[in-house]
Amino acid sequence: MPEGIHTKLMETLRVSGLPLNLHEGSILNFGRINYLFGSNGSGKSLTLKNIIQQSKNKLNSSPDLLGKGFFIQHIPVPKQDIFQDQYQFIDDPSSRELSGDLDPSVFYQELSDHPEILIRIRDSLQRYLGRHPNLIKRGINNVMNFLREDDKDVSPYSPNQESDGLRRLSLLLAYIYHPKCLILGIDEPELHLHPDMVSFLLEELNEEIKYGKQFFLATHSPEVIQIGKFDDYAYFYFDLKDKLKGRVALGIVIVM
């Protein structure tokens, strides 16, 4: 467990600020792995952003955690290709202390600074898919290549030759495995991923909670909920119909 982390950073949240006062005042009691489930427009993504912001505020106000490199990460639904071959080195890796966030544009730099993360991604993808990423430095940039262990005669190849699912999985694993990422919020983690890959991803989340981490997943997929029922999880159902009826209702099931 990371130094100074003995309890969950986010224990509860009072819902507020959603359109039309949807679910206003509802109390969410969090586990280590938390699922926000519901239809479009039901408030789950906005609530996820609120969770991330409040957890950053807690991190930045905690004397036990501040200045030790911990950060909170929100991964939204990708709207552009953030899996390019190359990214510039960042000037000051500690700058995320100011925001409690890690810009996806420094993804490869983080892998260069933390070789243990790259090793874990390599081993996980080798175990699951029979290939692994290879990070090399070319000039001032980092370049991510993939290798296939089952074919020694094939040269490393660009991630642009891989599926969107594998590239997204590699990015998610980098944050899941990051030793300083206390809380990770993912919007639509199932995007581009085969159900088997989603199951693999959730198993990795469950392994990481023993290090004091928390995960928040906003999802449209009932399969994510079904295969992600671990020992310490919370499930929150955002019902859009109650918005249309003018009532406030938030179904909550918690297993601890």
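Everything discussed here concerns the structure shown above.
Residues numbered from 1 in each chain as written. Predicted model: local features only at pLDDT ≥ 70, side-chain atom pairs only at ≥ 80, totals over all residues. Heavy atoms only, no water.

### Considerations on the overall build of the protein chain
Part 1: A tally of regular secondary structure across the protein chain gives seven helices and 11 strands.
Part 2: For the protein chain, the proportion of its 256 residues judged to be buried stands at 51%.
Part 3: Taking contacts inside the protein chain between residues at least 6 apart in sequence as the whole, the part at least 24 apart equals 69%.
Part 4: Accessible surface, the protein chain as shown: approximately 12000 Å² in total, 50% of it carbon and sulfur. (Helix = DSSP H or I, 4+ residues; strand = E, 2+ residues; numbered from the N terminus. Buried < 20%, exposed > 50% of the residue type's maximum accessible area, 1.4 Å probe, protein only. Contact = heavy atoms within 4.5 Å. Areas by Shrake-Rupley, 256 points an atom, 1.4 Å probe, with all protein chains shown as cover.)

### Describing helix α1 (residues 44-60)
Part 1: Taking 1.5 Å of rise per residue, 17 residues should cover 24 Å, and α1 covers 24 Å from first to last C-alpha, within 8% of that figure.
Part 2: Those residues of α1 that sit buried are Lys 44, Thr 47, Leu 48, Asn 50, Ile 51, Ile 52, Ser 55, Lys 56 and Leu 59. (Expected span 1.5 Å × (residues − 1).)

### Observations regarding the packing of aromatic side chains
Part 1: Across all of its chains, the model carries six aromatic pairs by this definition.
Part 2: Between the aromatic rings of Phe 37 and Tyr 235, the centroid separation amounts to 6.2 Å while the plane-to-plane angle is 35°, which identifies the pairing as tilted. Here the residue Phe 37 occupies a position in strand β3 (residues 33-38), and Tyr 235 occupies one in strand β10 (residues 233-238), the gap between them amounting to 198 residues.
Part 3: Here Tyr 128 and Phe 200 contribute two aromatic rings whose centre-to-centre distance is 4.6 Å and whose plane-to-plane angle is 10°, an arrangement assigned as stacked. Separated by 72 residues along the polypeptide, Tyr 128 in helix α3 (residues 115-129) and Phe 200 in helix α5 (residues 195-208) bring together distant segments of the chain.
Part 4: Classification of Phe 200 as buried rests on a relative accessible area of 10%.
Part 5: Connected via pairs of aromatic rings, a cluster forms that spans Phe 30, Phe 216 and Phe 236. (Phe/Tyr/Trp six-rings, centres within 6.5 Å; stacked < 30°, edge-to-face > 60°.)

### Structural notes on the pattern of salt bridges
Part 1: Summed over all chains, the structure comprises six salt bridges.
Part 2: Ionic pairing is found between Glu 208 and Arg 120, a salt bridge with its closest N-O pair at 2.9 Å. Taken together, the residues Glu 208 in helix α5 and Arg 120 in helix α3 connect sequence positions 88 residues apart.
Part 3: According to the relative accessible area criterion, Glu 208 is buried, its value standing at 2%.
Part 4: Arg 120 gets classed as partly exposed once you look at its relative accessible area, which sits at 30%.
Part 5: Between Glu 208 and Lys 213 there is a salt bridge; the shortest N-O distance is 2.7 Å. Each member of the pair Glu 208 and Lys 213 is classed as buried.
Part 6: Here the salt bridges do not stand alone but share partners, grouping Arg 120, Glu 208 and Lys 213 into one network. (Salt bridge = Lys/Arg side-chain N within 4 Å of Asp/Glu carboxyl O.)

### Digging into the packing of α3 against α5
Axis angle and axis distance: for two packed helices, these are the angle between their axes and the distance between the axes, and together they describe the pair.
Part 1: Remark: α3 packs on α5, axes separated minimally by 12 Å, with the N-to-C direction vectors making an angle of 140°. Between α3 and α5, the crossing angle belongs to the class labelled oblique. Like other packed secondary-structure pairs, α3 and α5 cross with a definite hand, here right-handed. From α3, Arg 120, Ser 124, Arg 127, Tyr 128 and Leu 129 reach across to α5, where they touch Asp 196, Met 197, Phe 200, Glu 204 and Glu 208. (Axes fitted to C-alpha atoms, helices over the stretch in contact; angles between N-to-C directions. Parallel < 35°, antiparallel > 145°, perpendicular 65-115°, else oblique. Left-handed = near helix turned anticlockwise from the far one by under 90°.)

### Thoughts on the side chain of Arg 32
Part 1: Considering the arrangement of structural elements, one finds Arg 32 in the loop between β2 (27-29) and β3.
Part 2: Despite its burial, Arg 32 pairs with no opposite charge; the closest candidate is Asp 232, at 4.4 Å N-O.
Part 3: A polar contact of 3.0 Å, which involves the side chain of Arg 32, links it to the backbone oxygen of Gly 212. (Lys, Arg positive; Asp, Glu negative; His and termini not counted. Polar contact = N/O pair within 3.5 Å; in protein donor to acceptor, adjacent residues only side chain to side chain.)

### Describing the side chain of Thr 47
Part 1: Mapped onto the fold, Thr 47 is located in helix α1.
Part 2: Using a relative accessible area of 2% as the deciding quantity, one classes Thr 47 as buried.
Part 3: Excluding its chain neighbours within four sequence positions, the residues that come into contact with Thr 47 are Leu 13, Val 15, Leu 18, Leu 28, Leu 36 and Phe 238.

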